[in-house]
Amino acid sequence: LYGKGSIPGALLATVLLGFAGVVMVLRPAFDQNQMWAGLIGLLSGMTAALAYLQVTAMARLREPEIRMVFYFAVASAVFGFFASLFTGFSSLANWHALLILPIGVLASLGQLCMTRAYASGATLVVANLQYSGIVFGALASVLIFDDQLPPLAWAGMVVIVASGMAATVLRSRAVPGAPHEEH
């Protein structure tokens, strides 16, 4: 995807279809006074997409995943520290601070898995399958918090799963038996 020819139209369509499913599940809406927050969210998504493209490019240069995740963590800590200078620091009770440790470890493991997926997989397929987090989150809200989802959200989950399956099938047909780095 990053500097390697054209993007297959059908595969790109599955990513867009998956995004439509996300919109159906989340049903985003914001008022005029929330425009700034909405733009920050969009900018965050665009930045994440660019970061994953960079991960793919660095993996092609044989950069180890653990090193990429390490420098991502360092950069996040530095930017977070400077942002805290403007927004202030939160005071935590001692036992609350202990809860941050497993959160950090699990977040690092998740980042390592995501980096490995983008480094060794088909970028558009991985991007599409990443939408499944929305499905798991929605199902968890139903099972844990007894939330009631409207029919549009259930239809959106079907669209997300179908688009992920279609992306996987399209990619396997386009490049059967190819080594992972060629995906």
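Residues numbered from 1 in each chain as written. Predicted model: local features only at pLDDT ≥ 70, side-chain atom pairs only at ≥ 80, totals over all residues. Heavy atoms only, no water.

Caption draft 1: Highlighting the overall build of the protein chain. Helix and strand counts for the protein chain stand at seven helices and zero strands. Along the chain direction, N to C, the helices and strands of the protein chain fall in the order α-α-α-α-α-α-α. Within the protein chain, buried positions represent 23% of all 183 residues. Relative to all contacts within the protein chain whose residues are 6 or more apart in sequence, the contacts with residues 24 or more apart total 80%. Of the roughly 12,600 Å² of accessible surface on the protein chain, a fraction of 72% belongs to carbon and sulfur atoms. The positive charge centre, built from 8 side chains, and the negative charge centre, built from 7, are 12 Å apart in the protein chain. (Helix = DSSP H or I, 4+ residues; strand = E, 2+ residues; numbered from the N terminus. Buried < 20%, exposed > 50% of the residue type's maximum accessible area, 1.4 Å probe, protein only. Contact = heavy atoms within 4.5 Å. Areas by Shrake-Rupley, 256 points an atom, 1.4 Å probe, with all protein chains shown as cover. Lys, Arg positive; Asp, Glu negative; His and termini not counted. Charge placed at Lys NZ, Arg CZ, Asp CG, Glu CD.)

Caption draft 2: Structural detail: the confidence of the model for the protein chain. In the predicted model, the protein chain carries a mean pLDDT of 82, and 91% of its residues have values of at least 70. Mean pLDDT values for the elements of the protein chain range from 78 in helix α5 (residues 123-130) up to 93 in helix α6 (residues 132-145). (pLDDT = per-residue confidence, 0-100.)

Caption draft 3: Molecular detail of helix α3 (residues 65-87). In this model, α3 (23 residues) spans 32 Å end to end at C-alpha, consistent with the 33 Å of a helix rising 1.5 Å per residue. If you check which residues of α3 are buried, you get Glu65, Met68, Val69 and Ser84. (Expected span 1.5 Å × (residues − 1).)

Caption draft 4: A look at a nonpolar patch on the surface. On the surface, Phe70, Tyr71, Val74, Val78, Phe81, Phe82, Leu85, Phe86 and Phe89 cluster together to form a nonpolar patch covering roughly 1,000 Å² of accessible area. Inspection of the secondary structure assignment puts Phe81 in helix α3. The class of Phe81 is partly exposed, set by a relative accessible area of 43%. (Patch = residues over 30% accessible without salt bridge, like charges linked within 9 Å, V, L, I, M, F, W, Y side chains within 5 Å. Salt bridge = Lys/Arg side-chain N within 4 Å of Asp/Glu carboxyl O.)

Caption draft 5: A look at unusual backbone geometry. Of note, the phi angle at Arg27 is positive, near 45°, even though the residue is not glycine. Tracing the chain through its elements places Arg27 in the loop between α1 (9-26) and α2 (35-60). Judged by its relative accessible area of 41%, Arg27 is partly exposed. Of note in this structure, Arg62 is not a glycine but carries a positive phi near 70°.

Caption draft 6: A look at the pattern of salt bridges. Taken as a whole and assessed by the stated rule, the structure comprises two salt bridges. Where Glu65 meets Arg116, a salt bridge forms, and the shortest distance between an N and an O atom there is 3.4 Å. A residue pair is termed long-range when its members are at least 10 positions apart, and Glu65 in helix α3 and Arg116 in helix α4 (residues 94-120) qualify at 51 residues. Given a relative accessible area of 19%, Glu65 falls into the buried group.

Caption draft 7: Focus on α1. Over its 18 residues, α1 extends 26 Å from the first C-alpha to the last, a length consistent with the 26 Å expected when each residue adds 1.5 Å. For α1, the set of buried residues is Leu11, Thr14, Val15, Gly18, Gly21, Val22 and Val25. The buried residues of α1 occupy one face: seen down the axis, they fall within an arc of 115°. Across from the buried face of α1, at angles greater than 90 degrees, the exposed residues are Gly9 and Leu16. Once α1 ends, the next one or two residues include Arg27, with phi positive near 45°. (Arc of directions from axis to C-beta.)

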